[in-house]
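# Results of the structural survey
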Amino acid sequence: MEERAGSRISRLETRLVRRGFSDPDQAVRLLDEPALHGLAADPVLLDALGAAADPDQALFGLARLLEALDPHERHTLRDTLTTSKPLRDRLLGVLGASGALADHLARHPRDWHALVAFELRDIHPGRGEFLGELARRVRSEPDADRADALRVAYRRCLLAIAARDLSGTTDLPQAAAELADLAGATLQTALDLAAAEDPEAAAACRLAVIGMGKCGGRELNYVSDVDVVFVAEAREGAEEHQALQAATRLAARTMRLCSDTTGEGTIWPVDANLRPEGRNGPLVRTLASHLAYYRRWAKTWEFQALLKARPIAGDAELGRAYAEAIAPLVWQAAARENFVADVQQMRRRVVDAIPAGEVDRQLKLGPGGLRDVEFAVQLLQLVHGRTDESLRSGNTLEALAALSAGGYVGRADAASLDAAYRFLRALEHRIQLQRLRRTHLMPTDPADLRRLARSMAAPANGDTKDDPVAALQREWKRHAVEVRRLHERLFYRPLLDAVAELPVAELRVTGAGAAGLSAGAAKQRLAALGFADPAAALRHISALASGVSRKAAIQRTLLPVLLGRFADSADPDAGLLNFRQVSDALGRTPWYLRLLRDEGAAAEQLARVLSAGRLAPDLLLRAPEAVAVLGDPNGLAPRGRAALEAEVLAAVGRAGSPAAGIAAVRAVRRRELFRTAAADVLGRLGDDPAEALDAAGEALTAITAAALQGALRAAVNGWEARNGELPTRLAVIGMGRFGGHELGYGSDADVLFVHEPRLGALDEDAAKAAREVIHELRTQLAAPSVEPPLEVDADLRPEGRNGPLVRTLASYAAYYARWSHAWESQALLRAAPMAGDAELGERFRRLVDPLRYPGQGVPERDLLEIRRIKARIEAERLPRGADPTTHTKIGRGGLADVEWTVQLLQLRHGHEVPELRTTRTRAALAAAARAGLVDREDAEVLDAAWVLASRVRAAVILVRGRAGDSFPGDARELAGVARYLGYGVGHSGELVDEYRRTTRRARAVVERLFYGGEE
């Protein structure tokens, strides 16, 4: 018989273990207790216990509850448990997830009836139902016991909310709303009790309780301080001072009734520290006093807190008056100076204040926590809610949905934030439920973690293939990472600063039909912003922002910021027109609008690029998808020659013909030209102007070299597809600015072409093949196309245009040995292999080194010839009507002056000073200064003139879209050049004056060093 009993216990223990019990021995003993006798034979009940977050705790709580009931009530509960699944799920769900509520049921066992629902109001109760329940139970008690009765009644209502929540009858937002409604009803009941205790005070004043924080937003936790603000007015016949004293007594008593720890314990602390002046301010103020404070003294964070303000108890009419009076102040707060920065700084202070040991456990305050979501949503609300009333909700999830519907947050991002917020809030609720203590920390105890994990997703019968704790940890981290990513994107996006700084009337300009401003007023505003053609600007704005599409909604969000950026540029009209053209081309592309809305820096950068001139917009409009580089943190960094060559050669390899291959090369070149131009306009190439100039020249040289390498490969592939292996090797030698790594945006590629027949090939066949390949390369690179052309200029070759386009290395050697002129030696100072056969290019370099760095220096006759040519160029090649004091290339103290002076030093001293053997002008000038060939002061003057002239040339083409060697005559174009060079609005004349001063000093140095023939 004992063996049969042992066998029965063993089988029961096995079943209990399978259902998730951690201590089956204890469970068996409990099931043998008289109050639970016979329940072990009910598999349905055991399954329900196994589905609880903590089966052991649920069974223990059930045993305590049954033992606390009288026999008749115990029998009723047992019968209901076995026959009613809703009660079974609710009761055991509560007992398994909350030891504190199990304690409450043990003390007040008849409260299990609160879990039996028969009507709709039991399933979805509102403030009225809670208020009725609390009042009914409080009134049934003697006056001395009513404070305790309120706390017991509150716990009974809380028990019902938790049961519905844990059993899935309600979702998180509904449970949080019910908790807030219960808090409001509790405060109302407590206030009624206080008024009954002090009828004189109640007769002297009207008192309203304003819910703040989560209570005001109807998203309260199970255990949380309830933040409130008290507002009062004197009743007729009462003096204001007396009324405020009376209201203060009522408010203080209300707070004590909820917060006292005697008897049944605290309901929750009532926190009034969000009132004006915080703890140092009076507990109760009149409405006028509140308004006076907020209008004059309130800080940014106080308006953010008021976003959730809602009347929850007391005088309803006064509460509504408070809310209506405060609302306009809340929705004007974003216009305050440094508003966005203040809110962001406050968030950073919250994170910094977290103890180091808690950062990784914080669900609320830590990175990726609830506060990240709340701060981001509130900031977006306050900035955009000024003009969009649909955003004015105190509830986080409702506001997030409105932000998504309005196009302020992407649908996918909003869905991710919504899911993460629900998960984190549910996790916080489950943690708080166990002991009904205010905490936002993930537990560390294994038993607590297991209970928590099962409560978030309790498996049937306790059976799971995955460790529930590990699964919970993974899910938590996933949501935290996503929240932090989106928080960084939404909360810190720079465009919010700009939107916040714009007046409301200016925001309304962007609405359909310029709602809020008449067409005439809108044009006046646009004219004031600097638009030369406000009617056209208004048409562009209307075309971009009119309608109800998501695209138009997002444009309405962006345009206030972009209009300000355009207005700050030299040509607002061009900026807006360019933006419309890009948006028309890409507006239906989801990633484009997502990029501009969510990557705020990209929107601002695009506005600056589009309004800085014509070159970058022209490049962008040829292939608008290049705007994506603005959204990449590293997208504006020059890619380097190796990476570019790898890309173009791969593109050529995929092409089906030489023309297609070179077209692909030109497309890459156009994109990279845009990348460099955009980086230049945005100041991303270096903080120092000279550094940025060198970086641009290096980037443009790398782009051109890669393009030539790719085009040469394509042309060779095409020739070989028709004729077999190419009978010669080819190299491209860079000359001029190309060889000097100093290319500008409008520079041609000055080159020499050299070839060398392969072993066994006839010279005539090799030369013909080389000519055909080079002809194909030059033709295709310069052919009319949507891509910008690359002119390949070979006029610096021996005999100029009359000489053969391609020569063998031996032919170059023969020519230079017999016929070379001084100017050719000077031109070869810039020669550098750039594409094609690297070994052949290096041999060409070795061939010309003796010519450009002659061992005995430059003969006097050659010096005279060089000076004569320079003087002739100045006299004959300056364009008619050009001002020699501002012509950047040939003008006095301009590029030619500096370069010829430096090149003369290289010709004369390059053989003895190795550092002079460079193709770069600034590097050679610095080497000459170090070697004592030029005074450092003179070198600095020449360098400054060369850098300024080069920057002016770059600015001219960036602004005008075409090359130019003089300052533009058009005032707007000149203003654009000045803006690029760092001069403010209206200071274009200062730029021209500075240029003349700088080049005048440089010309004086050139006169001494170049024409004076100083050693």
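Rules behind the numbers
- Residues numbered from 1 in each chain as written.
- Predicted model: local features only at pLDDT ≥ 70, side-chain atom pairs only at ≥ 80, totals over all residues.
- Heavy atoms only, no water.
- Helix = DSSP H or I, 4+ residues; strand = E, 2+ residues; numbered from the N terminus.
- Expected span 1.5 Å × (residues − 1).
- Buried < 20%, exposed > 50% of the residue type's maximum accessible area, 1.4 Å probe, protein only.
- Salt bridge = Lys/Arg side-chain N within 4 Å of Asp/Glu carboxyl O.
- Contact = heavy atoms within 4.5 Å.
- Lys, Arg positive; Asp, Glu negative; His and termini not counted.
- Axes fitted to C-alpha atoms, helices over the stretch in contact; angles between N-to-C directions.
- Parallel < 35°, antiparallel > 145°, perpendicular 65-115°, else oblique.
- Left-handed = near helix turned anticlockwise from the far one by under 90°.
- Nonpolar A, V, L, I, M, F, W, Y, C, P; charged D, E, K, R; others polar.
- Disulfide = S-S within 2.5 Å.
- Phe/Tyr/Trp six-rings, centres within 6.5 Å; stacked < 30°, edge-to-face > 60°.
- pLDDT = per-residue confidence, 0-100.

### Quick word on helix 19 (residues 370-384)
- If you check helix 19, its first and last C-alpha atoms are 21 Å apart, about what 15 residues at 1.5 Å a residue would give, namely 21 Å.
- With respect to burial, helix 19 is a largely interior element, 15 of its 15 residues being buried.

### Some remarks on the pattern of salt bridges
- Evaluated as defined, the whole model comprises 66 salt bridges.
- Here D795 ties to R801 by a salt bridge, and the two come within 3.0 Å at their closest N and O atoms.
- Note on D795: relative accessible area 29%, which makes it partly exposed.
- Among the ionic contacts, a cluster of salt bridges with common partners joins D111, E133, R136, R137 and R156.

### Some details on the environment of T80
- Tracing the backbone shows T80 in helix 5 (residues 71-83).
- The spacing of T80 and R139 is 59 residues in sequence and 30 Å in space, taken between C-alpha atoms.
- The residues contacting T80, other than those within four sequence positions of it, are L87 and W112.

### Focus on the side chain of R666
- On the secondary structure map, R666 appears in helix 34 (residues 658-681).
- This buried residue, R666, is left without a salt bridge; E787 holds the nearest opposite charge, at 6.5 Å.
- In contact with R666, other than residues within four places in its own chain, are Q780, L781, A782, A783, S785, E787, P788 and P789.

### A few points about the packing of helix 42 (residues 895-909) against helix 43 (residues 921-930)
- Contact geometry for helix 42 and helix 43: axes closest at 10 Å, N-to-C directions at 55 degrees. With respect to each other, helix 42 and helix 43 are oriented oblique. Of the two possible hands of crossing, helix 42 and helix 43 adopt the one that is left-handed. Contacts between helix 42 and helix 43 involve E899, V902, L905 and Q906 from the former and T921, A924, L925 and A928 from the latter.
- Taken together, the residues of the contact of helix 42 with helix 43 break down into five nonpolar, two polar and one charged.

### Notes on the state of the cysteines
- Evaluation of the coordinates by the stated rule reveals zero disulfides.
- The cysteine C258 is free of any disulfide, with C215 supplying the nearest cysteine sulfur at 10 Å.

### Quick look at the side chain of S404
- You can see S404 is positioned in helix 20 (residues 396-405).
- Looking at S404, the relative accessible area reads 12%, which means it is buried.
- If we skip the residues at most four places from it in the chain, S404 touches V409, G410, R411, A414 and R550.

### Observations concerning the packing of aromatic side chains
- The tally for this structure, following the rule as stated, stands at ten aromatic pairs.
- Ring centres 5.9 Å apart and planes at 85 degrees place the aromatic pair Y154 and W268 in the edge-to-face group. Remark: W268 occurs in the loop between helix 14 (240-259) and strand 3 (270-271) and Y154 occurs in helix 10 (residues 146-166); sequence separation between them is 114 residues. Exposure class is identical for Y154 and W268. Each is buried.
- The interplanar angle of 85 degrees and the centroid separation of 4.9 Å between the aromatic rings of F1010 and Y1011 together place this pair among those described as edge-to-face.
- Given the relative accessible area of 0%, F1010 is considered buried.
- Looking at Y1011, the relative accessible area reads 25%, which means it is partly exposed.
- An aromatic cluster is built from Y812, Y815, Y816 and F844, whose rings are joined through pairwise contacts.

### Notes on unusual backbone geometry
- Here the phi dihedral of R218 falls at roughly 55 degrees; this positive angle occurs in a residue that is not glycine.
- Of note, R218 is situated in the loop between helix 13 (213-216) and strand 2 (226-234).
- At E799, a position not held by glycine, the phi torsion is positive, near 70 degrees.
- Topologically, E799 is positioned in the loop between strand 8 (792-793) and strand 9 (806-808).

### Quick look at the confidence of the model for the protein chain
- Of the residues in the protein chain, 92% have a pLDDT of 70 or more, and the chain-wide mean is 88.
- Across residues 1-5 the pLDDT falls below 50, and counting only partners more than four positions away or on other chains, this stretch makes zero contacts in the model.
- The low-confidence segment residues 458-464 (pLDDT under 50) makes 16 contacts with residues lying over four places distant or belonging to another chain.

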